[in-house]
Amino acid sequence: MIEGVGIKKSFGDNHVLSGVDVKLHKGKVNMIIGKSGTGKSVLLKALVGLHEVDEGKVLFNDRNFTAMNYKEKKVIRKEIGMLFQSGALFDSLTVEENVKYPLEMFTEMTPEEMHERVDFCLNRVNIKDSNQLFPSEISGGMNKRVAIARAIALNPEYLFCDEPNSGLDPQTSILIDTLIQDITREFNTTTVVISHDMNSVLEVADYISFIHDGIVWWEGTKEDILKTDNKEVVAFVYASEFMKNLRSERLKGGYF
Amino acid sequence: MQLFTHLGAYFLLMLRAFTKPDKYKVFFRRIVEEIELIGLGSISIVSILSIFMGAVMLIQAANNFSSPWVPAYAEGVAARDSMILEFSPTIICMVLAGKVGSSIAGQIGTMKVTEQINAMEIMGVNPPNYLILPKVIASMFFFPFLVILSIFLGILGGYIATVLTGLVTVENYIYGIQFDYNPFYVTYAIVKSVFFAFLITTIASYHGYNTRGGAKEVGSSSTKAVVYSCIAILLFDVILTQLMLTPGS
């Protein structure tokens, strides 16, 4: 489990996070949602240590990540896989080399074992016959899938995904969502997904944390979010026509 | 005041870069890759520039040393010493600051703005160590070879100009380049090239690593890398010359 306790983060006078308390459960897809600019990505980066927090702490299975020195953090980081919004694949390495990279850096595997593992990870995300292509030569959806393959190469305990669906068509989005959900179940990872796409939330979320005004404003499951009367959450969830229709269906007794 | 902020950030980055590599096998492979990219990739530009610099130096010297008091072999001495003392170590390194420095800042800057460096950080890799240190070692190792090559080709360029223009006789030129030769000048040139290699790669890496924004900012970081590297080269040229060539210093 990952726990954020009283996380505060400001950029100059801009107080982005003003005391976030959040619990992210093992073996579940934990979604952090909220409007654009509410600090979801800042929270994610604070959780993984890319942003130093001003106050508060982050606990990985009760290990205080915030208080650790660089060497101790490195140990935790080897247990983390992360899917960036842009994919963040190494653009001068091929697809295969990208997935092999963490294996080369942190394992003593033989070239054959590495090759086997790379093949397994790429097969797991349905990438075939593209091993020798560069990231610039593959589509956005493939880019994200290769990034997932790289993220799971070391069997991470924690998987962080920053807006995995951004820039993807609805069909590919569903594919990525399903993949994240399957990987979470299969590897029993603590998965944290940042999103503002309600389709994604309803597709894969096990637990949802709604960020508003720099704090976790609301928490619950995807069943709860459709039933809540919390004004801010309702305004966010039912912003689209599709969701409005879904709400009326729910009120009539359909969906869930 | 901003200068001190930058200097502090530069030294902090170097502290992170100059640490034990995560994996030596990968680290040595990275050094070889950088030698190929930074060193071998610069041989052609260094060769062309050096031949022309040597030729121009000889023609300039021949046209200006018209006094009968100046010995006939002086052009050879001038071409040799100017190549060894300044043109090869300093001017060639300034050209390399343009070629290698901008490339390093561009590469690291692009990696920074596309979150590739963040991706490394998350994995537990030390990005400054992985990206910067192999470049520093590769350039400090290879720049002296480029400078020696430049000296040789510069003197050869002078010889070619001698043959083609006839401004100086070949015998006088050959005598001139051997006259009163001081081997320490080559040591001085090598020491300078090692210092300049360090300055170019670290300054360019610093500017690349601190890039924020997009393509325009990456371009701006590359420009800054070249400008500040050149200034640092000139500053350290004065310091090293004073320390190494001034008698009694």
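In what follows, the structure referred to is the one given above.
Here we summarise the structure given alongside this text. Numbering of residues starts from 1 in every chain and runs along the sequence as written. Here every chain gets a letter starting at A, and every ligand a number starting at 1, in the order they are written. Totals for whole chains, interfaces and linings use all residues, but because this is a predicted model, local features are given only for residues with pLDDT of at least 70 and pairs of side-chain atoms are given and counted only at 80 or more. Computation of side-chain values: all heavy atoms of the structure, hydrogens and water removed.

### Looking at the nonpolar core
Point 1. Definition of nonpolar core: a set of buried residues of the types Ala, Val, Leu, Ile, Met, Phe, Trp, Tyr and Cys, connected through side-chain atoms within 4.5 Å. Only protein chains enter the accessibility calculation, which uses a 1.4 Å probe; a residue is then buried when its area is under 20% of its type maximum, exposed when over 50%, and partly exposed in between. Ile 2, Ile 7, Leu 47, Phe 60 and Phe 160 of chain A together with Ile 132 and Phe 143 of chain B are the most contacted members of the largest nonpolar core, which has 99 residues in total.
Point 2. What makes two residues a contact is simply this: any of their non-hydrogen atoms within 4.5 Å. Beyond its immediate chain neighbours, meaning those up to four positions away, Ile 7 of chain A contacts Leu 17, Ser 18, Gly 19, Val 20, Leu 43, Ala 46, Leu 47, Val 53, Glu 55, Gly 56, Lys 57 and Val 58 of chain A.
Point 3. By size, the runner-up hydrophobic cluster in this structure holds 45 residues, among which are Leu 83, Val 146, Val 201 and Phe 210 of chain A.

### Focus on the pattern of salt bridges
Point 1. Note on definitions: salt bridges are taken to be side-chain nitrogens of Lys or Arg within 4 Å of carboxyl oxygens of Asp or Glu. Counted according to the given criterion, the structure contains 16 salt bridges over all chains.
Point 2. Across the pair Lys 74 of chain A and Asp 22 of chain B runs a salt bridge, and its minimum N-O distance is 2.2 Å. In this pair, Lys 74 of chain A is assigned in helix H2 (residues 70-77) and Asp 22 of chain B in the loop between helix H1 (2-17) and helix H2 (24-39), connecting two distinct chains.
Point 3. Given a relative accessible area of 14%, Lys 74 of chain A falls into the buried group.
Point 4. Given a relative accessible area of 25%, Asp 22 of chain B falls into the partly exposed group.
Point 5. Note that Arg 16 of chain B and Glu 121 of chain B form a salt bridge whose closest N and O atoms lie 2.8 Å from each other. Here Glu 121 of chain B lies in helix H5 (residues 116-123) and Arg 16 of chain B lies in helix H1, a separation of 105 residues in the sequence. The numbering of helices and of strands both runs from the N terminus, where a helix is a DSSP run of H or I of at least 4 residues and a strand a run of E of at least 2.

### Considerations on the interface of chain B and chain A
Point 1. Counting from both sides, the interface comprises 20 residues of chain B and, opposite them, 25 residues of chain A.
Point 2. Note on terms: buried area is the combined drop in 1.4 Å-probe accessible area of two parts once they are placed together, counting the loss on both. Buried surface at the junction of chain B and chain A, both sides included, amounts to about 2000 Å², of which 57% is carbon and sulfur.
Point 3. Those elements that place two or more of their residues in the side of chain B that touches chain A are H2, helix H4 (74-113) and H5 of chain B.
Point 4. Ranked by the residues each element gives to the side of chain B that touches chain A, the list is headed by H5 of chain B, at seven residues.
Point 5. When residue character is reported, Ala, Val, Leu, Ile, Met, Phe, Trp, Tyr, Cys and Pro are called nonpolar, Asp, Glu, Lys and Arg charged, and the others, Gly included, polar. A per-class count over the side of chain B that touches chain A returns eight nonpolar, six polar and six charged.

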